[in-house]
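Remarks on the overall topology
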Amino acid sequence: MIEGIVLAIGAGLMLGLYALPEKFTKDFKFENTWGLFFILTMFLVPIVASITLINDFSNVFAKVPTDILLKMAAASVLWGVGVMMWGKAINHIGLSLGFSLFIGTVILVGSIIPFFVEGIPEGNTFITILLGILVVLFGVIFNAKAGLTREKDEAKTDSGEKKGSMVTGILIAVVGGLLATGFSYANAVGRPSIHEACQAAGNADWVTAVGVMFPIFISGGIVMAIYFAYELSNKKAWSQFKTPHFGKNFMLILVMAIFHYAASALFAFAAFKLGEVGNTVGYAIFNTACVATAIVSGIITKEWINASSKAKNFLYLSLACMIGGIVVIAYANSLA
């Protein structure tokens, strides 16, 4: 159990830090950076990793039932759409509220989805898991309060860009979060069959995580590739790839892609190691650790240095709740 929890927290740390290299890219617009990132992380990295690490790659997936792969693909497409909607929500309601609503929905719904696939655990375990998720959600709420307070403070000195409809933004963020939980469903429904096929081919247990990520990332990547191809054309940003800094930018974004993919694969292995309720416990810890890491990195990089004490207090309370929630969820796993 301890190993699974450590792996889930490690996966969350990686996901919370993967975007840091983006701060050092030059001459790229948002669409260039993230368009290239999604091509690398959703296609290049998983294809190379899967072919290299999975013994008898083609036969492994030939043994997985077609209906399982189709369910994984459909859920992963929804995940891709959800992630894109999150980006749109930020345009309406800002990063703090948009992120909090999105990740709150992901943690709440995504952690419960495996119960519909695998069944509800015994009473004490189930109740304790829900209690832990509730504590985490309080942390997400406090994180939203911190961000909104900070934005309000900054608005006093900087008018900034005008946002869109608040109601529309909230709706997009919540629906996007619901769709993004397709990742949780795809992992829960696909792992048993892929694990069996990987074991039959003589692969180690951890290789199953690589196998599970392959259909998830390829299917979700199709949506993201189409979206960013449109955005690059719409913003006339294709020419921005012709820069002397392309080589450096490519390497930085490749590091981002590897960390992002590795974080997801590590989560899948953590869920396996956590046992009976591993998909739920692992998913909750994984996403919570990601948010907590983002909060801490924001403090370290002095993003909150000019925030009011009220905003900072909400932030610290948020972090405390998230850590407390992880402890409760971990305890729930021990009960299972």
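First things first, this report covers the structure right here in the doc. (Residues numbered from 1 in each chain as written. Predicted model: local features only at pLDDT ≥ 70, side-chain atom pairs only at ≥ 80, totals over all residues. Heavy atoms only, no water.)

The next point concerns the overall build of the protein chain. The number of helices and strands found in the protein chain is 12 helices and zero strands. Going from N to C terminus, the protein chain has its helices and strands arranged as α-α-α-α-α-α-α-α-α-α-α-α. Radius of gyration (C-alpha) of the protein chain: 20 Å, near the 20 Å computed for a compact globule of 336 residues. Counting only C-alpha atoms, the protein chain reaches 60 × 50 × 35 Å along its principal axes. Here the protein chain holds 336 residues, and 51% of them are scored as buried. Counting only contacts in the protein chain whose residues sit at least 6 apart along the sequence, the fraction spanning at least 24 positions is 87%. Of the roughly 15,200 Å² of accessible surface on the protein chain, 68% is carried by carbon and sulfur atoms. Charge separation in the protein chain, taken as the distance between the mean sites of 21 positive and 18 negative side-chain charges, equals 11 Å. (Helix = DSSP H or I, 4+ residues; strand = E, 2+ residues; numbered from the N terminus. Rg over C-alpha atoms; globule rule 2.2 N^0.38 Å. Buried < 20%, exposed > 50% of the residue type's maximum accessible area, 1.4 Å probe, protein only. Contact = heavy atoms within 4.5 Å. Areas by Shrake-Rupley, 256 points an atom, 1.4 Å probe, with all protein chains shown as cover. Lys, Arg positive; Asp, Glu negative; His and termini not counted. Charge placed at Lys NZ, Arg CZ, Asp CG, Glu CD.)

Below, the discussion takes up the side chain of Ser-219. Checked against the element boundaries, Ser-219 lands in helix H9 (residues 207-234). A distance of 2.8 Å separates a polar atom in the side chain of Ser-219 from the backbone oxygen of Pro-215. With residues up to four places along the chain from it excluded, the contact list for Ser-219 reads Ala-73, Ser-76 and Val-77. (Polar contact = N/O pair within 3.5 Å; in protein donor to acceptor, adjacent residues only side chain to side chain.)

Enumeration according to the criterion identifies one cavity of 30 Å³ or more in this entry. Within this model, the largest cavity holds a volume of roughly 40 Å³. Listed by contribution, the elements that provide at least two residues to the lining of the largest cavity are helix H8 (182-200), H9 and helix H10 (246-273). Per-element accounting of the lining of the largest cavity gives the leading share, three residues, to H10. Each residue belonging to the lining of the largest cavity can be placed in one class, and the counts come to four nonpolar, two polar and two charged. (1 Å grid on protein atoms, 1.4 Å probe; cavity = no way out; pocket = protein on both sides within 12 Å on 5 of 7 lines; lining within 4 Å. Points joined across faces, edges and corners; volume = space filled by probe spheres on them. Nonpolar A, V, L, I, M, F, W, Y, C, P; charged D, E, K, R; others polar.)

Phi at Asp-27 is positive, roughly 65 degrees, even though this residue is not glycine. Checked against the element boundaries, Asp-27 lands in the loop between helix H1 (2-17) and helix H2 (30-53). The residue Asp-56 is not glycine, and still its phi comes out positive at about 60 degrees. The class of Asp-56 is partly exposed, set by a relative accessible area of 35%.

Ranked by size, the top nonpolar core spans 95 residues in total, and within it Phe-38, Met-213 and Ile-216 carry the most contacts. Ranked by the residues each element gives to this core, the list is headed by H9, at 13 residues. Apart from the residues within four sequence positions on either side, Phe-38 is in contact with Phe-43, Val-83, Met-84, Met-224 and Phe-228. (Core = buried A, V, L, I, M, F, W, Y, C linked by side-chain atoms within 4.5 Å.)

Applying the stated criterion across every chain yields a total of three salt bridges. Lys-235 is the partner of Glu-31 in a salt bridge, and the nearest nitrogen-oxygen pair spans 3.0 Å. Pair noted here: Glu-31 is in helix H2 and Lys-235 is in the loop between H9 and H10, with a separation of 204 residues, a long-range link. Residue Lys-235 is classed as partly exposed on the basis of its relative accessible area, which comes to 38%. One salt bridge in this structure joins Glu-231 and Lys-235, with 3.4 Å as the shortest N-O distance. In this structure Glu-231 comes out as buried when scored by relative accessible area, which is 7%. Salt bridges sharing partners connect three or more residues here, namely Glu-31, Glu-231 and Lys-235. (Salt bridge = Lys/Arg side-chain N within 4 Å of Asp/Glu carboxyl O.)

With respect to the element layout, Lys-88 can be found in helix H4 (residues 66-93). It is 9.3 Å that separates the C-alpha atoms of Lys-88 and Gly-176, two residues lying 88 residues apart in sequence. If we skip the residues at most four places from it in the chain, Lys-88 touches Ile-172, Tyr-227 and Glu-231.

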